[in-house]
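Each chain is listed here by its residues.
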Amino acid sequence: MHRGIMKEFGLFSIWLFIHLLLVHSSSCAGEPSVVNPCCYYPCQNSGVCVRFGTDGYECDCIRTGFHGDNCTVPEFWTRVHLLLKPSPAAVHYILTHFQFFWDIINNTFLRDTLMRLVLTVRSHLIPSPPTYNTKYGYLSWESYYNISYYTRLLPPVPEDCPLPMGTKGKSVLPDTKVLAERFFRRNKFRPDPQGTNLMFAFMAQHFTHQFFKTNHKVPGGFTKALGHGVDAGNIYGDNLARQLQLRLHKDGKLKYQLVKGEMYPPRVSEVPVHMVYPEAVTPEQRLAIGQEVFGILPGLTMYATVWLREHNRVCDILKTEHPTWDDEQLFQTTRLIIIGETINIIIEEYVQQLSGYLLKMKFDPTLLFNARFQYSNRISLEFCHLYHWHPLMPDSFIIDGEEIPYSQFIYNTSLLTHYGVEKLVDAFSRQPAGQIGGGKNSHEVVLKVAEMVIRESRAARVQPFNEYRKRFNLKPYTSFYELTGETEMARGLEELYGDIDALELYTGVLLEKTRSDGIFGESMVEMGAPFSLKGLMGNPICSPEYWKSSTFGGETGFNIVKTATLKKLVCLNTKWCPYVDFHVPRNEEEAKPRKPSTEL
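Here goes a summary of the coordinates provided. Treat the numbers as computed from the prediction; the structure is a model and nothing was measured.

Digging into empty space enclosed by the protein
Link 1 in the chain: Here the structure, examined in full by the defined rule, presents five cavities of 30 Å³ or more.
Link 2 in the chain: Here the largest cavity is characterised by a volume of approximately 240 Å³.
Link 3 in the chain: Going through the elements one at a time, helix H5 (110-123), helix H12 (327-355), helix H13 (381-386) and helix H21 (522-537) are the ones with two or more residues in the lining of the largest cavity.
Link 4 in the chain: Here the lining of the largest cavity takes six residues from H21, the largest share from any one element.
Link 5 in the chain: Residues that form the lining of the largest cavity fall into these classes: 14 nonpolar, three polar and one charged.
Link 6 in the chain: Approximately 140 Å³ is the volume found for the second largest cavity.
Link 7 in the chain: As for the second largest cavity, its lining consists of 14 residues, of which Ile-235, Leu-254, Ala-288, Ile-289 and Leu-308 are closest to the centre.
Link 8 in the chain: The element best represented in the lining of the second largest cavity is helix H11 (residues 298-321), accounting for four residues.

Okay, structure coming up:
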């Protein structure tokens, strides 16, 4: 009898457990905590997920070229396009091989045709007008109008998703310090196989800091910049009050000081603008520059000095041609010329070096005058994040035969006046920069930057790396090994993230295996190029209304813009012409010390 009671009690216990489990499951299903279906990212090919009810959704496929419940069924012409379209890998291979073929193309009308194709295909991947921001994951007037936010290419991960990256991966994202130490820290300096140098690295910082000015005090993708593009705010300041302090208010020029008869930025004691300097930096070393953080590296103060000299040089040219112009018109017109020179150098030399293409890049706004193109730009949070290229920085700096460690380099503006612009340019042009992609190539001094980017990405709920792969028409990776191409890193990432579809954007683009002899992997090129080219060609000076000689004070100013080069920028503003390029010397002839020359 005792055994019977125990048996019945056991059966009853099992029944009760199952009953409670079913009741609990049923009650959970009816609660509002049901998983948001958009957390699964069901809409493909740029379809927009719209939630209905508690567990329903629809994909808006309008103008995607696809239809079906999840925008996965291609329309007829889309099917034809996909059939004929070469893969990004194939396009890259063609553009970086067959030198004899490109030598012919670059000297025919086909160069213009292909350049127009590059500009339009890349730029059309970036929505204009802007779409989302961190607060609004749907279209709203606020996300369009409020420029204090970075815009967003993809909406944030919905706040009610069960996991940080949606529905896949671990419940807790990896510790940022662990990621930095295991996957970003440099063991041995790995130079960029494309031959990129420190002249390029410092240009990358100097150029991008005019529009990448994240407000770190406010989480959620805010920018301190008033402009969202190339406005030369890094030279003139990002607000009118700062600009007026930096201006000489005579002949359109900027203020300066003379050191050994040469022009340099003025001291903060003479031009009291806000600059970021540690207390240990003496007043004599505190230079006043358009961007408040540029005192940190001599490479940035070097570029600031060159652009200061160029601005004042152009003012003299305009003053000679237009003696009736007042200070304001001379300044404003010179600023437009400086913006034009910047865009020209960035497209024809900087982007050329970065891409490794044999197609010769060309800055010619008229190529787009008959194309569907909008002359406006908003800086994207994703663009800001992926552009943190701190692996470029070396282990130390070699200037005039002397090795200078970071401890003597950072915030040491005296190096600029001690060596002079010529020797710094020559040194930075000869010293190799690091390879950006592939991981494990960031100096310990800059590791904290990678951690900061990842933290900001999480605060802004940036979607997973694979979702951005799909947004840029790239196949999502199916494993960490496919991403990295090596076992140790793949195992470590799988251990920390759990699923390749939960990998974060910045971690993905920095750790992706590099292309053969490339500075970084496929994703950085395919994602970064559209943002870059849209931002450059979307500048108002590239529009039909602005791109004319009168905008730049006549044919002389217009030609300064159209014929700008990095070599001219430096050598027209120095006593002698050093070796200057974004590429380390390619042969012994280039590596030889240069004689003073005024010929360009």
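Section: a nonpolar patch on the surface
Link 1 in the chain: Among the surface-exposed residues, Tyr-93, Ile-94, Phe-98, Phe-100 and Phe-101 lie close enough to one another that they form a single nonpolar patch of about 520 Å² accessible area.
Link 2 in the chain: Where the nonpolar patch is concerned, the elements lending two or more residues are helix H3 (88-96) and helix H4 (99-105).
Link 3 in the chain: Inspection of the secondary structure puts Phe-101 in helix H4.

Observations concerning the packing of helix H7 (residues 176-184) against helix H16 (residues 447-459)
Any two packed helices are characterised by the angle at which their axes cross and by the distance between the axes.
Link 1 in the chain: The N-to-C vectors of H7 and H16 enclose an angle of 130°; their axes lie 9 Å apart at closest approach. As summarised for this structure, H7 and H16 are arranged oblique, according to the angle between their axes. Crossing handedness for the pair H7 and H16: right-handed. Between H7 and H16, the residues in contact are Thr-176, Lys-177, Leu-179, Ala-180, Glu-181 and Phe-184 and Leu-447, Ala-450, Glu-451, Ile-454, Arg-455 and Arg-458, respectively.

Overview of the state of the cysteines
Link 1 in the chain: Inspection of the entire model under this criterion finds five disulfides.
Link 2 in the chain: Linked covalently through their sulfurs, Cys-39 and Cys-161 form a disulfide whose S-S length is 1.9 Å. Here Cys-39 and Cys-161 share a disulfide; its torsion about the S-S bond, -100°, makes the bridge left-handed. Separated by 122 residues along the polypeptide, Cys-39 in the loop between helix H1 (2-30) and strand E1 (48-52) and Cys-161 in the loop between helix H6 (141-145) and H7 bring together distant segments of the chain. Taken as a pair, Cys-39 and Cys-161 share a single burial class, namely buried.
Link 3 in the chain: Here Cys-43 engages in a disulfide with Cys-59; their sulfurs sit 2.0 Å apart. With the S-S bond torsion at -85°, the cross-link from Cys-43 to Cys-59 turns out left-handed. Of the two residues, Cys-43 is situated in the loop between H1 and E1 and Cys-59 in strand E2 (residues 56-60); the sequence distance between them amounts to 16 residues.

Here's the deal with the pairing of E1
Link 1 in the chain: Bridge analysis of E1 against E2 gives five bridges, and the strand direction is antiparallel. Among the inter-strand pairings, Val-50 is bridged to a residue of E2, identified as Glu-58.
Link 2 in the chain: Between the antiparallel neighbours E1 and E2 lie three residues, among them Gly-53 with a positive phi of about 65°.

Quick look at the pattern of salt bridges
Link 1 in the chain: Within this structure, the stated rule accounts for 30 salt bridges.
Link 2 in the chain: Across the pair Asp-400 and Lys-423 runs a salt bridge whose closest N-O atoms are separated by 3.2 Å. With a gap of 23 residues between them, Asp-400 in the loop between strand E7 (397-399) and strand E8 (402-404) and Lys-423 in helix H15 (residues 414-430) connect regions that are remote in the sequence.
Link 3 in the chain: Residue classification places Asp-400 among the partly exposed residues on the basis of a relative accessible area of 47%.
Link 4 in the chain: Residue classification places Lys-423 among the partly exposed positions, given a relative accessible area of 33%.
Link 5 in the chain: Via salt bridges that share partners, Lys-213, Lys-224, Asp-238 and Glu-292 belong to a single interconnected network.

Regarding the nonpolar core
Link 1 in the chain: Ranked by size, the top nonpolar core spans 149 residues in total, and within it Met-199, Tyr-350 and Trp-389 carry the most contacts.
Link 2 in the chain: Those residues in contact with Met-199 that sit more than four places away from it in its chain are Met-302, Tyr-303, Val-425, Phe-428, Ser-429, Leu-566, Val-570, Val-580, Asp-581 and Phe-582.
Link 3 in the chain: With five residues, the next largest nonpolar core counts Cys-43, Cys-59, Phe-66 and Cys-71 among its residues.

Comments concerning the layout of surface pockets
Link 1 in the chain: Considered as a void within the structure, the second largest pocket measures approximately 1,100 Å³ in volume.
Link 2 in the chain: Lining of the second largest pocket is provided by 34 residues; of these, His-209, Val-293, His-390, Val-449 and Met-452 occupy positions nearest its centre.
Link 3 in the chain: When residues of the lining of the second largest pocket are traced back to their parent elements, those giving at least two are helix H8 (198-208) and H16.
Link 4 in the chain: Broken down by element, the lining of the second largest pocket gets its largest block of residues, four residues, from H8.
Link 5 in the chain: For the lining of the second largest pocket, the class distribution of residues is 20 nonpolar, nine polar and five charged.

Some details on the packing of H5 against H21
Link 1 in the chain: Close contact between H5 and H21 brings their axes to 8 Å; oriented N to C, the two are set at 105°. What the angle tells us is that H5 and H21 run roughly perpendicular. Residue-level inspection shows Val-118, Leu-119, Arg-122 and Ser-123 of H5 in contact with H21, the latter providing Val-525, Glu-526, Ala-529, Pro-530, Leu-533, Lys-534 and Met-537.
Link 2 in the chain: Among the residues making up the contact of H5 with H21, the classes are represented as seven nonpolar, one polar and three charged.

A closer look at helix H22 (residues 555-562)
Link 1 in the chain: Burial in H22 covers these residues: Gly-557, Phe-558, Ile-560 and Val-561. Summarising the axial view, the buried residues of H22 lie within an arc of 155°, below the 170-degree limit, and thus occupy one face.

Let's talk about the side chain of Asp-426
Link 1 in the chain: Looking at where Asp-426 falls in the secondary structure, it is placed in helix H15.
Link 2 in the chain: Its relative accessible area of 16% is what places Asp-426 among the buried residues.
Link 3 in the chain: When sequence neighbours within four positions are dropped, the list of residues in contact with Asp-426 reads Pro-578 and Tyr-579.

Digging into the environment of Glu-349
Link 1 in the chain: Take Glu-349: it is sitting in helix H12.
Link 2 in the chain: We classify Glu-349 as partly exposed; its relative accessible area is 24%.
Link 3 in the chain: Along the sequence, Glu-349 and Lys-362 sit 13 residues apart, while their C-alpha atoms lie 9.3 Å from each other.
Link 4 in the chain: The residues touching Glu-349, leaving out its near neighbours within four places in the chain, are Asn-344, Ala-564, Thr-565, Leu-566 and Phe-582.
Link 5 in the chain: A polar side-chain atom of Glu-349 sits 2.7 Å from the main-chain amide nitrogen of Leu-566.

Reading guide: rules and limits
Residues numbered from 1 in each chain as written. Predicted model: local features only at pLDDT ≥ 70, side-chain atom pairs only at ≥ 80, totals over all residues. Heavy atoms only, no water. 1 Å grid on protein atoms, 1.4 Å probe; cavity = no way out; pocket = protein on both sides within 12 Å on 5 of 7 lines; lining within 4 Å. Points joined across faces, edges and corners; volume = space filled by probe spheres on them. Helix = DSSP H or I, 4+ residues; strand = E, 2+ residues; numbered from the N terminus. Nonpolar A, V, L, I, M, F, W, Y, C, P; charged D, E, K, R; others polar. Patch = residues over 30% accessible without salt bridge, like charges linked within 9 Å, V, L, I, M, F, W, Y side chains within 5 Å. Areas by Shrake-Rupley, 256 points an atom, 1.4 Å probe, with all protein chains shown as cover. Salt bridge = Lys/Arg side-chain N within 4 Å of Asp/Glu carboxyl O. Axes fitted to C-alpha atoms, helices over the stretch in contact; angles between N-to-C directions. Parallel < 35°, antiparallel > 145°, perpendicular 65-115°, else oblique. Left-handed = near helix turned anticlockwise from the far one by under 90°. Contact = heavy atoms within 4.5 Å. Disulfide = S-S within 2.5 Å. Buried < 20%, exposed > 50% of the residue type's maximum accessible area, 1.4 Å probe, protein only. Pairing = 2+ DSSP bridges. Core = buried A, V, L, I, M, F, W, Y, C linked by side-chain atoms within 4.5 Å. Arc of directions from axis to C-beta. Polar contact = N/O pair within 3.5 Å; in protein donor to acceptor, adjacent residues only side chain to side chain.

Function cannot be inferred from these measures alone, as they are strictly geometric.
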